[in-house]
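Report on the structure
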Amino acid sequence: SVDGGPVEPEELCQRVLGSLDSRVGFRDDLALLAIQLTPPGESLVASLPARPSSVASMRRSISQWLRSAGADEVEIYEILLACGEACVNTIAHAHSAVSDAPFEVRATREGSDVVVVVRDTGRWRFAPGEGRGRGLALMRELMDDVQVRPGDEGTVVTMRRRLDHASIK
């Protein structure tokens, strides 16, 4: 860091490069990288295709978002597990196996709470011979509150969890 220097990356690079004595000469090209860290956003929104590979993408995004918000590793793991269950249910039950129809995952902060909403546009269907799984029970065990609202335009799963260790304002 440059004490008293500009906080914008572009301005900082210009100042550092401008301070170099070009009379000295350089044996190779110079490269300078300035990174500006920003606090986590209030929300994260992802629209994903209803494919099993989307679950890994969702986990990476939400994991980073939660970590930057100050959630500890146990909170991150448990929220990811609950969210993963909701996403897998959407992929398995709301959309056909050949569908590319997207589903949405939205995570927002409300004080010390994190609210994760998984919304699909499909019709809920059970595979032949399939009984009720344990996904919803697992979500309810890991989160403080879970609401499931099926409708003509899809299903909305809303999960809420208070983060005990987060530095969320």
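All values reported here derive from a predicted model rather than from experimental measurement.

1. Some thoughts on the pattern of salt bridges
Applying the stated criterion to the full structure yields seven salt bridges. Where Arg 67 meets Glu 73, a salt bridge forms, and the shortest distance between an N and an O atom there is 3.0 Å.

2. Some remarks on the pairing of strand β4 (residues 145-151)
Strand direction decides the pairing type here: β4 and strand β5 (residues 154-162), joined by seven bridges, are antiparallel. Its bridge partner being in β5, Asp 145 is matched across the sheet by Arg 160. Hairpin connection between β4 and β5: a loop of two residues separates the two successive antiparallel strands.

3. A short note on helix α2 (residues 53-68)
Compared with the 22 Å implied by 1.5 Å per residue over 16 residues, the 24 Å span of α2 between its first and last C-alpha is a close match. If you check which residues of α2 are buried, you get Ser 54, Val 55, Met 58, Ile 62, Ser 63, Trp 65 and Leu 66. Around the axis of α2, the buried residues are gathered within 165 degrees of arc, so they sit on the same side. Opposite the packed face of α2, turned more than 90 degrees from it, sit the exposed residues Ser 53, Arg 60 and Gln 64. Among the residues trailing α2, Gly 70 stands out with phi positive, at a value near 95 degrees.

4. Considering helix α4 (residues 135-142)
Looking only at α4, the buried set comprises Gly 135, Met 139 and Leu 142. Along the axis of α4, the buried residues cluster in a sector spanning 75 degrees; they form a single face. Across α4 from its buried face, at more than 90 degrees, point the exposed residues Ala 137 and Glu 141.

Quick notes on the rules
Residues numbered from 1 in each chain as written. Predicted model: local features only at pLDDT ≥ 70, side-chain atom pairs only at ≥ 80, totals over all residues. Heavy atoms only, no water. Salt bridge = Lys/Arg side-chain N within 4 Å of Asp/Glu carboxyl O. Pairing = 2+ DSSP bridges. Helix = DSSP H or I, 4+ residues; strand = E, 2+ residues; numbered from the N terminus. Expected span 1.5 Å × (residues − 1). Buried < 20%, exposed > 50% of the residue type's maximum accessible area, 1.4 Å probe, protein only. Arc of directions from axis to C-beta.

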